[in-house]
Every structure is written in C-alpha cells, then in structure tokens.
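Okay, here's what each chain looks like letter by letter:
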Amino acid sequence: MPDLPAWRADLAHLAACLLALGGRPEEAYEELRAAFASGAWWHRRILLEDDDLADLAGIEGFADFVRDSQARADAAADTTRPPVLHRPEGTPRGLLVTLHGAGEEAEDAATEWAAALDAGCVLFAVESSQRNTPTYRSWPDPEVAARDIATAVAGLDAADRDLPLVTGGFSAGARPAMRWALAGSPGTPVGFVAVAPAVFPTDLDPALVRAGVDRGVPGLILLGEKDDAVGEGAQATYESLRQAGLACRLDLVPGLGHTYPDDFDVRLRAALEPLLAGGA
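In this text the structure is predicted, and so the values were computed from the model without any measurement.

Asks: Describe the overall build of the protein, with residues and values.
Replies: Within the protein, the regular secondary structure consists of twelve helices and nine strands. For 280 residues, the compact-globule estimate of 2.2 N^0.38 gives 19 Å, and the protein sits close to it at 20 Å. Across its three principal axes, the protein shows a C-alpha extent of roughly 60 × 40 × 35 Å. Residue burial in the protein is summarised as follows: out of 280 residues, 49% are buried. Considering only contacts within the protein whose residues lie at least 6 apart along the sequence, 76% involve residues at least 24 apart. Distance between charge centres in the protein, computed from 23 positive and 43 negative side chains, equals 4 Å.

Asks: Just give me the short version of the sheet that holds strand β6 (residues 165-170), but keep the residues and values in it.
Replies: Ordered by their spatial adjacency, seven strands build an open sheet running β1-β3-β2-β6-β7-β8-β9, and the pairing between neighbours is mixed. Edge positions in the sheet fall to β1 (84-86) and β9 (248-253), since each of these pairs with one other strand and no more. For this sheet, the mean angle separating the axes of adjacent strands, direction not counted, is 15°. Pairing analysis gives six bridges linking strand β2 (residues 94-99) to strand β3 (residues 121-126), with the strands arranged parallel. If you follow leucine 99 over to β3, its bridge partner there is valine 126.

Asks: Could you give me a rundown of the packing of aromatic side chains, with the residues and numbers involved?
Replies: This model, assessed by the stated rule, comprises nine aromatic pairs. Ring centres of phenylalanine 62 and phenylalanine 65 lie 6.3 Å apart, and the angle between their planes is 25°; on these two criteria the pair is classed as stacked. With phenylalanine 62 and phenylalanine 65 both in helix α4 (residues 62-75), this residue pair falls three residues apart, about one helical turn. Accessibility expressed as a relative area gives 3% for phenylalanine 62, which makes it buried. Overall, phenylalanine 65 belongs to the buried group, its relative accessible area being 6%.

Asks: Before we move on, can you summarise the pairing of strand β8 (residues 219-224) with the specific residues and values?
Replies: Among the six residues that make up β8, six are buried, leaving the element largely enclosed by the rest of the structure. Neither face of β8 is left uncovered, since the one carrying Gly219, Ile221 and Leu223 and the one carrying Leu220, Leu222 and Gly224 both have all their residues buried. Here four bridges tie strand β7 (residues 189-195) to β8, and the two strands are oriented parallel to one another. Residue pairing across strands places valine 193 opposite leucine 220, the latter belonging to β8. Relative to β9, β8 runs parallel, the two being bridged by six bridges. Of the residues in β9, the one forming a bridge with isoleucine 221 is leucine 250.

Asks: Give a description of the side chain of threonine 237 that names residues and reports values.
Replies: You can see threonine 237 is positioned in helix α11 (residues 231-244). Those residues in contact with threonine 237 that sit more than four places away from it in its chain are Met178, Val199, Phe200, Pro201 and Leu204.

Asks: Provide a residue-level description of a nonpolar patch on the surface, including the pertinent values.
Replies: The grouping of Leu4, Trp7, Leu11 and Leu14 at the surface amounts to a nonpolar patch, some 360 Å² of accessible area in total. Structurally, the position occupied by leucine 11 is in helix α1 (residues 8-21). Taking the relative accessible area as the measure of exposure, leucine 11 reaches 40% and is therefore partly exposed.

Asks: Which residues make up the pairing of strand β4 (residues 130-133), and what values do they have?
Replies: Relative to strand β5 (residues 136-138), β4 is paired through three bridges, and the arrangement is antiparallel. Within β5, the residue paired with threonine 133 across the bridge is tyrosine 136. Once β4 ends, the chain turns through two residues before running back antiparallel as β5.

Asks: Explain the packing of helix α9 (residues 174-183) against helix α10 (residues 206-215) residue by residue, including any values.
Replies: Put simply, α9 and α10 touch, their axes get as near as 7 Å, and they point 55° apart. Classed by the angle they form, the pair α9 and α10 counts as oblique. Contacts between α9 and α10 pair Arg179, Ala181, Leu182 and Ala183 from the former with Leu208, Val209, Ala211, Gly212 and Arg215 from the latter.

Rules of the game
Residues numbered from 1 in each chain as written. Predicted model: local features only at pLDDT ≥ 70, side-chain atom pairs only at ≥ 80, totals over all residues. Heavy atoms only, no water. Helix = DSSP H or I, 4+ residues; strand = E, 2+ residues; numbered from the N terminus. Rg over C-alpha atoms; globule rule 2.2 N^0.38 Å. Buried < 20%, exposed > 50% of the residue type's maximum accessible area, 1.4 Å probe, protein only. Contact = heavy atoms within 4.5 Å. Lys, Arg positive; Asp, Glu negative; His and termini not counted. Charge placed at Lys NZ, Arg CZ, Asp CG, Glu CD. Pairing = 2+ DSSP bridges. Axes fitted to C-alpha atoms, helices over the stretch in contact; angles between N-to-C directions. Phe/Tyr/Trp six-rings, centres within 6.5 Å; stacked < 30°, edge-to-face > 60°. Patch = residues over 30% accessible without salt bridge, like charges linked within 9 Å, V, L, I, M, F, W, Y side chains within 5 Å. Areas by Shrake-Rupley, 256 points an atom, 1.4 Å probe, with all protein chains shown as cover. Salt bridge = Lys/Arg side-chain N within 4 Å of Asp/Glu carboxyl O. Parallel < 35°, antiparallel > 145°, perpendicular 65-115°, else oblique.

Right under this line is the structure:
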C-alpha cells in the first residue's frame, strides 16, 4: 500500500486511541511521539478534545508535545489547494458549489456531485484549508470556512458568479453550505442541498435562519434512515428550520447509513430543477 505512509498521523491517532482506551496511556503517548518524530502532526483539538485520549493529559511532557504539534499545524495552515472546476456542455444555467465531508478532498466532492453537470450547472468544489492532520481536512471553524468559500468564489469568472447559485455539501461540509445559503453571501444562493449534514440546531445562528426565511431560501436535507453518525442532529435541525418557517424538505432514504445514496445522481438532478427554475 504505497500511499499508507502519507496517513502516518491518522494511523498513529487511531492506534493511540485504542491503546488509551485499553488502559495503556503511556504506550499511546509513545505511539504519537514516534509518529511525530517521523514528521506527523495533529491540531490541538485532536489531542485535547478527543475523549479517547483524555488519560494522556496527565502524562509529563504531554502539554509540551501538544504545543509542538500545534506549531507544525500552524506552519501548514497556509497550504491550500485550488478548487476543482468542471463545466457542462453548452451554456450553463446554474452554479453548484459543493463542500466535501470530513477527511475528504475537493476531488471527492467533484466526483460525487458530477450529476450537476448533466443538469447544466457549473460544478465548483471548494477545499477546506482546515486540517486536523496532514491528510484530514474538515470545516470546524465557521469563520475560516466562510473565508475559504469567499476566497474561492471570488476567483470565479464574473459570468459564473452571476448564475443562479446552489450550495451543496456532505456531512461536515453540509454545515457551512447551509450557513452560506441562509446568510445569502457571497453571491446570492437560491437554495441548498445538504447530504447527511453534520449539524445541530445550535450550529445555525437564529439570525442566519431568520435571514434565510426572509429571503425564502428553500433547501433539501438528504439523510439516511440508518445514519447513526449525524441522523439525530440533522432531523432536529430540519424540525427547527421548518418551525422557523424555512421552506426546507427532508428526504429519508430507507436503509442508508452515513453516505450518499446509490441513486444520488437522480436525486441531485431532481433537486436542482426547482432551485434553478426559482433562481432564474
């Protein structure tokens, strides 16, 4: 497996979690130290907020280790990659900007959401600059996420920015996609498509929700019936949005866990049609 060394930090984190949970925190710490010596690093939130590693906090030197690891994370924070842009055949009728899930990349999102091209949309996949490890990207800080999105969108041609804009995202990426659509900037989103959104009602500021309601922004939450990872929060968020007056729809997919449904291409094209028609 030639790509495995690139995941040294992630594998060490998993091993450390298992060791710590097995009552062997000293060995867990040594696993992290060995990976660090080979170039690995972790954002402090991974080392301090992961309950599995709680027993490491009392080990001598661990606080300094966290500081040194964060220094590497900070040094790598400016390492960003350009968004992925795909254009449909013919004249585009819309713009879909999609945000990847935790641990994924823009290329992954571009692949999953490719059916937007068949719907006549310019497909623009934005990658988060926030990394927990050298290979694990996500969207934990909403302000940084908003900045990443704004920077990427500003790089689009003016003609693309003028198209009806739909925001989309999977899991952790669906959370900033929903915030963006509700806020109405950058651009003026005409709706959102959130797949297995990792979101709770408290993640959406009431002022944002009111702004979305006032603008009449519709949205679709696509959720697996057996999604134990985010299902509870996503359904509670849907209920709160509906109670606030947002034109939001929830599609529960029978038997589906925390992933895309097999017929996502069909579902995405169907979801985009009314959003693009309303934003034309």
